[in-house]
Each structure stands twice: as structure tokens, then as C-alpha cells.
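One letter stands for each residue in the lines below.
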Amino acid sequence: MNVKAILLAICLPYAAVAQGFAGLGTEADGFGLPTPDPTFVFPDDHGAHPAYRIEWWYLTANMTGDDGTPYGLQWTLFRSALAPEAGDGWTAPQLWLAHAAVTTPDNHYVAQRIARGGIGQAGVTSDPFEARIDEWALTGDWQTLDMTATGAEFAYDVTLTAEGPLVFHGEDGYSVKSAEGQASYYYSQPFFSLNGTLLLPEGEVAVTGNAWLDREWSSQPLSANQSGWDWFSLSFEDGNKMMGFLLRQTDGDSYSSATWITPEGETTPFPDGAFRAQPLERSPTSGPEVPTTWAVQLPERGVDVTVTAINPDAWMTTSVPYWEGPVTVTGSHEGVGYLEMTGYE
Amino acid sequence: MNRAALHAILSYWRRNPLQLLTLLGGLALATALWSGVQAVNAEARASYDAAANTVDEARFDQLVARDGGVIAQATYVALRRGGWLVSPLIEGEINGVRIVGVDPLTAPGQSIPIALQTGGDIGAFTTTRGQIFAEAATLERLSEVDADLVDLATIPADVAYADIGVVQRLLRRDGEVDVLLVHPEQPLRQGPLRDLAPQLSLREGQTTADVGQLTGSFHLSLTAFGFLSFAVGVFIVNGAIGLAFEQRRGMIRTLRALGLPLGRLMALLALELLVLALIAGVVGVVLGYLIAAALLPGVAGTLNGLYGAEVAGSLQLRPVWWLSGLAIAVGGTAVAAGGALWQMGRLPLLAGAHPRAMTMAAGRRARVQAIIASALLLIAGGLAMTASSLYAGFALLATLLIGAALALPFILDGILRLCGGQARSALGQWFWADTRQQLPGLSLALMALLLAMAANIGVSTMVSSFRLTFLEFLDQRLASELYVSAETAEEASRLVQGLEGEVQAILPIQWVDTLLADTPTEVYGARDDATYRDNWVFLNAADDAWDQVASGNGIVINEQLFRRAGLAVGDRVRIADQPFDIVGVYGDYGNPIGQAVITERIFQQLYPDVTALRFGLRVPDEDVGRVRTLLTDELGIPNAQITNQARLKALSTGIFDRTFIVTDALNVLTLAVAAFAILMSLLTLAAMRIPQLTPVWALGVTRWQLGWLDALRAVMLAAITAVVALPLGLALAWALLAVVNVAAFGWELPMYLFPLDYARLGLSALFAALLAALWPARRLARTPPADLLKVFSHER
């Protein structure tokens, strides 16, 4: 099956397929729209928000094996609504898409699942919290979470333990995505410690590390002239963390946003322009050539670092392909992190 | 000079427009046959591939309920949550349309229509009313269904696709699934099937090789026909070009005498031929398209009837046909003209025709040809004894046909020599000698006729044998006078109660799909009844076969299963762990898969959840109407659910007869082309023969007599060829029935002979030869005496 088309249909239920990442849900007919000054209620808001068109539970982790080998891990569940209602049975207008990946310095293993909500195959409940598609699951109380996924060549079982509070991006979780005001609700748990086991073709690998879980939902996250994004989540050795993204526009300009997170979980949002990211070097991948070394700056926090992909070929060969993989940080700050790049062709 | 020479060369056609027409016609016809067959072939293959790509659920491993029943949707979810990448499928029938419900999100590759994958609006497909995809004619039958209808021409006829949720709703089967397709690539870890779904068993996907081989054999036989028609076509082109060269010999001599260099002359002639070939090629491709268009419903019918493969019946003129058609026209012309041009190049400047010398040279060639022919026939003999694969079967056909064709002039010469020896009168002796003299010029055309006739005899013998066997088989299979189906188990039991005492016997028709000796098989549970004992014909069976079946120990299997699984009477097989002894093998024609019959009692023990919904009713002929009324009026069974055996038979034979329309039509066309080849050859010879006929005319034989003798000669040669074609055709039929058919379909057909058909065919061949000979004979009879007299005054 040409899943690409299906996925495009999922991501862009009413937009022209050819537009790709551009115009990702630029109209919101009937769907809820994020409004400023949100009040989050937990655990409810860990669950699904079917009234909004798109939502995700997005976890990335930097890990090391016993021998010091760096690994990256991804577990992502997307929800895409065809209509703003939960529904029941096969006609439920909620489609679910999941990606899982394990990145080693030499390999990048990817798996994808697609399913419909309404029949018990996929979905997210808030109390008890369970995010699931097929046998892939993220379950627990957000203090600890168990996470599992399996592909044709890999599997993992890890446990996450929260060592800090949730953090809210933008204005208390209201994250503006363009100058025209497109926005999403966006919070994270960047303080997970992780331990568990990777099952790789070469055998089982015990790993420990840190994970970062993003929660975001909206109905029109991008403006029509935005073609893709470069998203960074960096954890510095001094305990500070930084989330920053660059939304690339078709006119060559870009829109940036960043959140500075102290070890205590205090956040500082930074408006457009404060965060800068400049490609330094491009690498060939299984897909197109993409920048795999970046100069990243947040002058107001004295950040001037080079971000380098651990495995330049972390290309996600999923229905909508993109790049997602672990990175190392050097320069004014040392550390690790994750990089996501979409909309490259 | 070029212009003047070309003008001179082409002026010939202005003076002989009819001949131009026959040359172009011959070439066009040959191209048409070739490209028509290719077109049918390519189109059938393309449609079949498209069908295979869209509906190829069978390619994947499947999880099915052990008891042959439905699978709960909850089981599907449990399996997915246990790490099994499976996709649900449900199917049913609405107004005669097979409607398939799929889940586009989890369906493995190529199990759902292409357009759904690429352009479909997933929301419209899955939610609200849902959409049904099918081709236009099928959609018409679904007009009352509560869903949006979408026309998609690539879906085979009588099949429709919709979302699984929509089909569950339409069939009122919420929460039910029929089959789970298993993705070829499964996750690294998954729960064991026996824990997740103990009631399901894994059925391995049928390798497409099976179906592919079946359809492959059909396409292969069409391709063989294509080559045959091409061969026949080259014979014609050869004849036509030979004629044009022969008749322009004088002009060529004059042009060369006037100083036109040989090389340039040949280049100009080649150019002329190229142009003619291209014109004829274009006409031929269009004609071929028309032939294909006329045959295509037949092709679809053929595949449909034989394999249950549904072919979308649309024909598109593909660029590749243009290319291949034109290439064949030009290539065929080149092959045919090569000899003539070569001969012309070697001809001394002023040489006239030397027919006798040609005959002698031909005699030497004939010896080489005879050796090759014998070698090919020997190989054919060897293959006849050993061939077991499809390709060996076709190699057998090829060596047999080519060997016999090459041997034909040799055989004809022998017969003519024998006849010549018997001739008493001077005219008689001249007639036979003159006929032998003409043989080399006619032999290509006669070979074409031989091939056409042999193919005709062979294929019609096969088809008719098939038909006869099939009709007997239908009598055996459709022994019950009435067939009635119920929609639900309740309706079925009401029906059985209501018919108690009203009919001679009620024969439930119930089956499960399972594996028998690792081969996909339909196992039927049959009631012990005289109907089976009286009507079923075994190919091979124990004496008390039905008794053993009734006792529960015996099983009878169809020939396909017998051959495919390599089983034999006396072998023991297992169904659901119950052992059965094979006690009989029955012919089961036109069925691609294995089938077996056990007794009803054991069947119900093994498959308690299977309820018979169809029944055969044994009713005295005079009571059929009464029982029908009883069914409709008192038991409330809709008419649509009752089938009269006579109607069913008519339906089956109808499907069957459509099946061979294509081969029939190609037979007729091939014969027509052979007649055309004879016509061209005779026309070619006519000009050469004037100098030989003139002395006979001068001795007192009238022109009309000579004309009649010529016509008679053509008919006689055709008659001898027909006599040779008969054993060849029968050998061909045997090869088709006993070798190719077994390799392709898995069953052997008894061979029947149809002398009347052969006589009719022989007569039509003679008639065709006579028709072909009439025009040249008439021309000969009307040759002005002055032309004949000129022979004596010419230097020739």
C-alpha cells in the first residue's frame, strides 16, 4: 500500500496533497482553536483532545550502553482527526499514526504503524494513562512510564522516571507558531531518566539515559507559507535545557521560538529571532541531503554551540519521510539532544 | 535518375492497382493478425495484472477460523495488540456483486485498489456513508446501496471495494471479520498465536505462481497463435513480394540496360518496400486493434470462465503495439524480400526466368529441408514421450508444427511423383510434371495452409473434447433438478422442514476451505444418496467408493488435488486430524483448486459450526413447478434464491462456450490468411508459367482448359495438404490435451474425434483454395492469344 498517500491524507485531510508540510492544517473548520492563557488539567490533558485536528505524544531519548556507545530512541504517536469528534467503531474519524526508531552510530532502525481509533486498536486514555497503537504502548502515571515498541529489526522496553516538573512552552503552554498567530498547546516533560533494554540485530543492549516527552495539540499549527521545520531539544551538562525551533518559510525567511529550561524546571520563552540555527554541513542520507551539523545560538543565554548528528543518516523512511536523530552539543555548552528536520526534499 | 527510376518502378503499381491492393492487403492482414493477437494478449495480461494487483488477497498468508466460520473483530484487535501485523477483510454478496471490505490503514501492499491508495480521500472512504469503488457496470447493480459509489475502471467486473466498516454495516455483520491478512514482514517480537487467538489457524498464501501459471498458459497459447499467424503472414508477404519482383523482371532488366547501377536499383526497390511496409503496417495495426477489440470480451470470458480471474474489458491502443506492429511489418517484409533482392542482385544483366533451374535448385534445398524436418519430427517424438512441463509441451507443439511444415514439400513431391507414374495420357503426364515443377513456388503457401488447418483441427478437437467432457461433467454435477439457497440458518432449517416429504431427496451443499495434504482444498460434506452413486464418474476408484465414503472412512478427491498433491487411491489423508482413505478420484473440470468429498455425518462432527445454506433438491421432472411454487408461496423463499438446473446448465455452458470464442475466431482468420497466401503464390507463378503453358496451348489445349486445370491443381494440392494436416492436427490435439493441459490446468482430458468437423474443415480448406485459385485461373483463361504467341517471338 502506498502509505505515503494515506499519511498525507491523514496529516492534511482537507489540504492539497502536493503541498506537503506546507499548509499543515491551515484551515480549522469546526475544530477547536488554541487560545492564550490556557489552563491545563492533569491527568486529563495527557489524554487525547479529539476536538483538535492534530496532536502528538512525542518522546525522544539520548542513551548510552554499558560500553559508552551513544544511542537514540524515538517513540511518537500522532493523532489526526477527520472530524472534531471521538466517534466509535470503524467510522470514528480519529486516525492514529506512530513512528518508532532506534539510532546507533552506524544504523537507524525505523518502524511505523497506522490505525483507526474507535475499535480499540489505537488511542490514548488519560486515567490511567495509556497511549497505544497495536502492541506499542506508553503507560504509567507520568511519574514513571513504561514504553515499548517493536519493528521488524528492533524492539525496546524502557522505563522512564520523571525527575523534574512538566514545563510549558510559549506563554504558559500557548505556543505561537507564526507571525500570523497560528498556535498550539505545547508542554513537555524533559526530565525523564531512562533505563531499559534495546533489542537490536546484534543482540540485547542495556541502556540508561534521558528522555524528553513533548505534548502538543492544535488545529492549524503552521501558516500557509511555512514549508518545514528544524527542531532542537538540547540537554546541557550544567543541567539547563533548551527547546528551539525554526519554522522555514517558502520565501526563505523563518520564524523561530525557544524555551530555556533551568534544572528546576523554570522556563523562559524567547520570541521570534532570539533563537538562531545555521546549517554548517549537509550530509547525504537515505533520503535527500540534509544539514547534519548546525551552529545554534541563543545569545541571551550565552549559547553558541555546534550541534552534530551522531548518525547523519537518521532518515525516517516513513510514509512522510523526515530526519530525526540524536545529536551531540559542543561549544559554549556541552551536552546531547535530539534534532528533527522536516520538509526537506 | 533516381526520380526517373523510382517513377518507373512505382508506375508498375499504377498499372496493377489490384496487385498493389493485394500486396498491401496481405501485409496488412499479416500485421493485423500478429498485432491483434499481441494486443489481446497484452491487454488481457495488463488487465489480469491489474486485477491481480488489486485483489490479490490470496497472495498473503491468512489467519482463518479453524471451524471455517467468522472471526470476531475483538480477535483482530487482540492480535494487533499482541504484535501481529494483520489486516481484517470481510466479504459478501450484494445483488450478485462480491463486495470486499478492507481496512485501508492496515492492508498489506497491493491488497486494495490502487486508486484508493493514491488519490482516495480517506475520510470519505471510511467515515459517514462511506464509498464503494467498482467499475461502472458493477456500480449500476449497487445503485440502491446506502453508500457513495465511485467509478474505478481498474477494478475487475463484479467486484466492489469499500471500507470494512461500511461493508459490515451493509451486510449487517457488525463486529465480524472473515479473514485476517498477515503482512509479509512481522515485528521482531509477537505473542504466540495459540495464546492470542487459539481458534485461528494460519493458512499460507497461495504463491501467485499457481494462478500465474494457469493464466500464463493461456497467454502462452495465445502467443503461440500469434507466432503461427506471423509465420503464415510472412508466407503471404513472401508471395506478394515475389509476385511484384517476378512481374517487374522485364522492367528491371530494361532499367539496368539503360545504365541504372545495380546498387541504386536495389536501394530504390528497398525504399519502395519500406514505404509499402510502413503503410501496410499502419493499416495492419489498426485492423489488429479492431480484431482485438472484437475478441477481447471473449478473452475476458475465457479467463473468467477458466480460472475465475476477472479481467477488466477495456482496450487501449498502446504505443508498444504500434512499434511492434510496424516492426513486424517491416521485418516480415525484409525477411520475405531478402531472398528476392538477393536473387536479383546475382541475376545476370539480361537473364530471363529459368523456372526449371529454380526447380532444380529447389530440389537441392529440399533435401536439406527434409533433413531438418526429420530432425525436428524426431525431437517432437522424443518430447511426446517425456514432456511434462508447460514449456516442454509448447516445445513439442513447435517442433511438431515446424517439422511437419518443412516436411510438407517433400511429402507432396513424393505423392505427385507417385501420381505422375500412374498417369497414362500425355496431358495427364504433363499435368503431374507441371504440378511438381510449381511445387517450390507454392510450397510456402501450402505450408501456411497446413499449419492453419492443423491448428484448426488441433484446437477444435481440444475445444470440442473439452466441451463434451464438460457437458457430461455438468450432468454429473448438476444432477439435482432444483437448487435453493437460504440466507440464514433459520431459513435453512425452515426450508428443510417444509420440504420434508415433498421431494425425493434434499442434498445439502456445505463445504469448508482447508488444507488437505498441504494443498488448499474445499472439503464438502455430502449426504449419502443415490444421486452421487448414479451420476458421478470416477477416473479411478475403489469398487465400493461411495460405501466407504458413507462409512466415514473414505474420501473422494478431484483430479486437481490428485495431481497437485501427488495422491493416489489408497493413500491416507487427514482433515482436522481425522484420517480418511482416498477411495476415488473424479474429474472436476474448470475448477482451479483442490476439492474433496466426505460424508455429511463426519463433516458435521468436524465442522459443527458450518450450516448448509444451499441445497440440491431431487424432484421428478413433472413436480419441478409444484415444488417451486411451494418454495416461493409457502416457505417464502424469494425466486432469486431458487435455481433451475436447466438454467444453471445453460449458464455454465454459456460461460464455457464464450471461453473459446477467441481460439475459434483466430482459427477462421488463420485459414483466411492461408487462402490469401495461396492466392498470392498462384499470382506469382502465373506470370512465370506463361512460357511453359504456351507450348501446351499451341498443341491444342484451350486456354479455358488450362485455366480449369490450374484451378483443379490448386484444389488437389490443398486436398493433399489437408490429408497431411489431419494426422498433424490430431497429434497437435493430443499434445494439447495430454501434455499442455495437464501441465497448465492439472487435469487430463479424454480426446474425442469429430470426423464431421474435420470433413467440414477439409471442405472449407478446399473451398478456400478454389477461391484463391479462381482469379489466377480466370486470368489465365483470358490471356490474349497474342500474349501467348509472343512467347515464341521473345528471346525467352
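Residues numbered from 1 in each chain as written. Chains lettered and ligands numbered in written order. Predicted model: local features only at pLDDT ≥ 70, side-chain atom pairs only at ≥ 80, totals over all residues. Heavy atoms only, no water.

**Describing the overall build of chain A**
Phase 1: The helix and strand inventory of chain A stands at 1 helix and 23 strands.
Phase 2: Counting across all 345 residues of chain A, residues that qualify as buried make up 61%.
Phase 3: Working note: accessible area of chain A is about 12,000 Å², and carbon and sulfur atoms make up 48% of it. (Helix = DSSP H or I, 4+ residues; strand = E, 2+ residues; numbered from the N terminus. Buried < 20%, exposed > 50% of the residue type's maximum accessible area, 1.4 Å probe, protein only. Areas by Shrake-Rupley, 256 points an atom, 1.4 Å probe, with all protein chains shown as cover.)

**Quick notes on the confidence of the model for chain B**
Residues and elements named next belong to chain B.
Phase 1: Model confidence for chain B is summarised by a mean pLDDT of 77, while 78% of its residues fall at 70 or above.
Phase 2: The low-confidence segment residues 206–214, where pLDDT is below 50, has 13 contacts with residues more than four positions distant or belonging to other chains.
Phase 3: This stretch, residues 301–315, has a pLDDT under 50; its non-local contacts, to residues over four places away or in other chains, come to 48 contacts. (pLDDT = per-residue confidence, 0-100. Contact = heavy atoms within 4.5 Å.)

**Re the pairing of strand β17 (residues 572–575) of chain B**
Residue and element names in this part refer to chain B.
Phase 1: Taking every second residue as pointing to the same face, the buried face of β17 carries Val573 and Ile575, while none of Arg572 and Arg574 on the other face is buried.
Phase 2: The sheet contact formed by β17 and strand β18 (residues 578–586) spans 4 bridges and is antiparallel. For Val573, the partnering residue across the bridge sits in β18 and is Phe580.
Phase 3: Two successive antiparallel strands, β17 and β18, enclose a turn made up of 2 residues, where Ala576 displays a positive phi of approximately 45°. (Pairing = 2+ DSSP bridges.)

**Some details on the nonpolar core**
Phase 1: Grouped together as the largest cluster of nonpolar side chains are 80 residues, with contacts concentrated most on Leu449(B), Leu450(B), Met453(B) and Leu706(B).
Phase 2: At the level of elements, α13 (355–386), α14 (390–422), α15 (426–477), α23 (661–698), α24 (703–745), α25 (755–781) and α26 (785–793) of chain B are the ones that each hand at least two residues to this core.
Phase 3: Once residues within four sequence positions are removed from consideration, Leu449(B) is found in contact with Leu671(B), Ala674(B), Ile678(B), Ala718(B), Thr721(B) and Ala765(B).
Phase 4: The next biggest cluster of nonpolar side chains, apart from the first, holds 46 residues, and it includes Tyr52(A), Leu73(A), Leu77(A) and Tyr109(A). (Core = buried A, V, L, I, M, F, W, Y, C linked by side-chain atoms within 4.5 Å.)

**Considerations on the environment of Pro409(B)**
Residues and elements named next belong to chain B.
Phase 1: Structurally, the position occupied by Pro409 is in helix α14.
Phase 2: Between the alpha carbons of Pro409 and Thr721 there is a distance of 9.5 Å; along the sequence they are 312 residues apart.
Phase 3: If sequence neighbours within four positions are ignored, Pro409 has contacts with Gln369, Leu439, Ser443 and Met447.

**A short note on the confidence of the model for chain A**
Phase 1: Looking at chain A as a whole, the pLDDT averages 87, with 91% of positions reaching at least 70.
Phase 2: The model gives residues 1–26 of chain A a pLDDT under 50, and that stretch makes 75 contacts with residues more than four places away or in other chains.

**So, a nonpolar patch on the surface**
Residue and element names in this part refer to chain B.
Phase 1: There is a patch of nonpolar side chains on the surface, built from Leu271, Leu274, Val275, Leu278, Ile279, Val282, Val283, Val286, Leu287 and Leu290 and spanning about 760 Å² of accessible area.
Phase 2: Here Leu278 is to be found in helix α11 (residues 262–307).
Phase 3: Leu278 gets classed as partly exposed once you look at its relative accessible area, which sits at 38%. (Patch = residues over 30% accessible without salt bridge, like charges linked within 9 Å, V, L, I, M, F, W, Y side chains within 5 Å. Salt bridge = Lys/Arg side-chain N within 4 Å of Asp/Glu carboxyl O.)

**Points about the pairing of strand β19 (residues 594–599) of chain B**
Residues and elements named next belong to chain B.
Phase 1: Most of β19 is tucked away: 6 of the 6 residues are buried.
Phase 2: Of the two faces of β19, the one holding Gly594, Ala596 and Ile598 and the one holding Gln595, Val597 and Thr599 are both buried throughout.
Phase 3: For strand β16 (residues 554–558) and β19, the ladder comprises 2 bridges, and the chain directions are antiparallel. Within β19, the residue paired with Val556 across the bridge is Val597.

**Here we look at the pattern of salt bridges**
Phase 1: If you walk through the whole model with that rule in mind, you get 31 salt bridges over all chains.
Phase 2: Between Asp146(B) and Arg129(B) there is a salt bridge, with its nearest N and O atoms 2.5 Å apart. Here Asp146(B), found in the loop between α6 (136–140) and β6 (148–151), pairs with Arg129(B), found in the loop between α5 (122–126) and β5 (131–134); they are 17 residues apart in sequence, far enough to count as distant.
Phase 3: By relative accessible area, which is 39% here, Asp146(B) ends up partly exposed.
Phase 4: Notably, a salt bridge pairs Asp146(B) with Arg169(B), separated by 3.1 Å at the nearest N-O pair. Highlighted residues: Asp146(B) in the loop between α6 and β6 and Arg169(B) in helix α7 (residues 164–170), separated in sequence by 23 residues.
Phase 5: Given the relative accessible area of 32%, Arg169(B) is considered partly exposed.
Phase 6: Linked by salt bridges that have partners in common, Arg113(A), Asp134(A), Glu135(A) and Arg80(B) make up one network.

**Here we look at the environment of Asp174(B)**
All names here are of chain B.
Phase 1: Residue placement: Asp174 occurs in the loop between α7 and β8 (176–177).
Phase 2: For Asp174, a relative accessible area of 61% translates into the label exposed.
Phase 3: Separated by 101 residues in sequence, Asp174 and Gln73 place their C-alpha atoms 8.5 Å apart.
Phase 4: Apart from the residues lying within four places of it in its own chain, the contact partners of Asp174 are Gln168 and Arg169.

**Remarks on the interface of chain A and chain B**
Phase 1: On the side of chain B, 36 residues touch chain A, which itself brings 33 residues to the contact.
Phase 2: Overall, the association of chain A and chain B removes approximately 2,700 Å² of surface from exposure, summing both partners, and the carbon and sulfur fraction of that is 59%.
Phase 3: At the junction of chain A and chain B, the tally comes to 5 salt bridges.
Phase 4: Residue Asp157(A) is joined to Arg189(B) by a salt bridge in which the shortest nitrogen-to-oxygen separation is 2.5 Å.
Phase 5: Those elements that provide at least two residues to the side of chain A that touches chain B are α1 (3–11), β4 (108–116), β6 (129–133), β8 (144–150) and β9 (155–162) of chain A.
Phase 6: Looking at the side of chain A that touches chain B element by element, the count peaks at 4 residues for β4(A).
Phase 7: Here the side of chain A that touches chain B is composed, by residue class, of 18 nonpolar, 7 polar and 8 charged. (Buried area = accessible area lost by both parts, 1.4 Å probe. Nonpolar A, V, L, I, M, F, W, Y, C, P; charged D, E, K, R; others polar.)

**Comments concerning the packing of helix α16 (residues 489–499) of chain B against helix α21 (residues 624–634) of chain B**
Residues and elements named next belong to chain B.
Phase 1: In the contact formed by α16 and α21, the axes pass within 11 Å of each other and the chain directions differ by 140°. When the interaxial angle is binned, α16 and α21 end up oblique. When the axes of α16 and α21 are compared, the crossing they make is right-handed. Between α16, through Leu495, Gly498 and Leu499, and α21, the contact on the second element is made entirely by Val627, Leu630 and Leu631.
Phase 2: Its residues assigned to classes, the contact of α16 with α21 shows 5 nonpolar, 1 polar and no charged. (Axes fitted to C-alpha atoms, helices over the stretch in contact; angles between N-to-C directions. Parallel < 35°, antiparallel > 145°, perpendicular 65-115°, else oblique. Left-handed = near helix turned anticlockwise from the far one by under 90°.)

**Points about the sheet that holds strand β9 (residues 179–182) of chain B**
Residue and element names in this part refer to chain B.
Phase 1: Strands sit in the order β6-β5-β7-β4-β3-β9-β1-β10 across an open sheet of 8 strands; the sheet is mixed. Strands at the two margins of the open sheet, each flanked by one partner only, are β6 and β10 (200–203). Strand-to-strand, the axes of this sheet are offset by a mean angle of 30°, without reference to chain direction.
Phase 2: Sheet analysis places strand β3 (residues 86–94) next to strand β4 (residues 97–102), joined by 6 bridges and oriented antiparallel. Along β4, the bridge assignment pairs Leu89 with Val102.
Phase 3: Where helix α3 (residues 73–81) meets the sheet, it contacts β1 (61–65), β3, β9 and β10, and its direction lies at approximately 160° from that of β3.

**Section: the side chain of Thr285(A)**
Residue and element names in this part refer to chain A.
Phase 1: Mapped onto the elements of the fold, Thr285 is located in the loop between β18 (276–283) and β19 (290–298).
Phase 2: The exposure class assigned to Thr285 is buried, which follows from its relative accessible area of 13%.
Phase 3: Among the polar contacts listed, one links the side chain of Thr285 to the backbone nitrogen of Gly287, at a separation of 2.8 Å.
Phase 4: Within the local environment of Thr285, its side chain forms a polar contact with the backbone oxygen of Pro288, the two atoms lying 2.6 Å apart.
Phase 5: Setting aside residues up to four positions removed in sequence, Thr285 forms contacts with Val290, Pro312, Asp313, Trp315 and Trp323. (Polar contact = N/O pair within 3.5 Å; in protein donor to acceptor, adjacent residues only side chain to side chain.)

**Here's the deal with the packing of aromatic side chains**
Phase 1: Per the counting criterion, the structure on display carries 29 aromatic pairs over all chains.
Phase 2: With a centroid separation of 5.5 Å and an interplanar angle of 35°, the aromatic rings of Tyr532(B) and Trp546(B) are classed as tilted. In this pair, Tyr532(B) is assigned in helix α17 (residues 530–535) and Trp546(B) in helix α18 (residues 545–551), connecting sequence segments 14 residues apart. For the residue pair Tyr532(B) and Trp546(B), the accessibility class agrees, reading buried in each case.
Phase 3: By way of ring pairs, the aromatic residues Phe40(A), Phe42(A), Tyr52(A), Phe129(A), Trp142(A), Phe168(A), Tyr185(A), Tyr187(A) and Trp217(A) are connected into one cluster.
Phase 4: Its guanidinium or amino end placed over the ring of Trp775(B), Arg779(B) lies 5.9 Å from that ring's centre, counting from NZ or CZ. (Phe/Tyr/Trp six-rings, centres within 6.5 Å; stacked < 30°, edge-to-face > 60°. Lys NZ or Arg CZ within 6 Å of the ring centre and 35° of its normal.)

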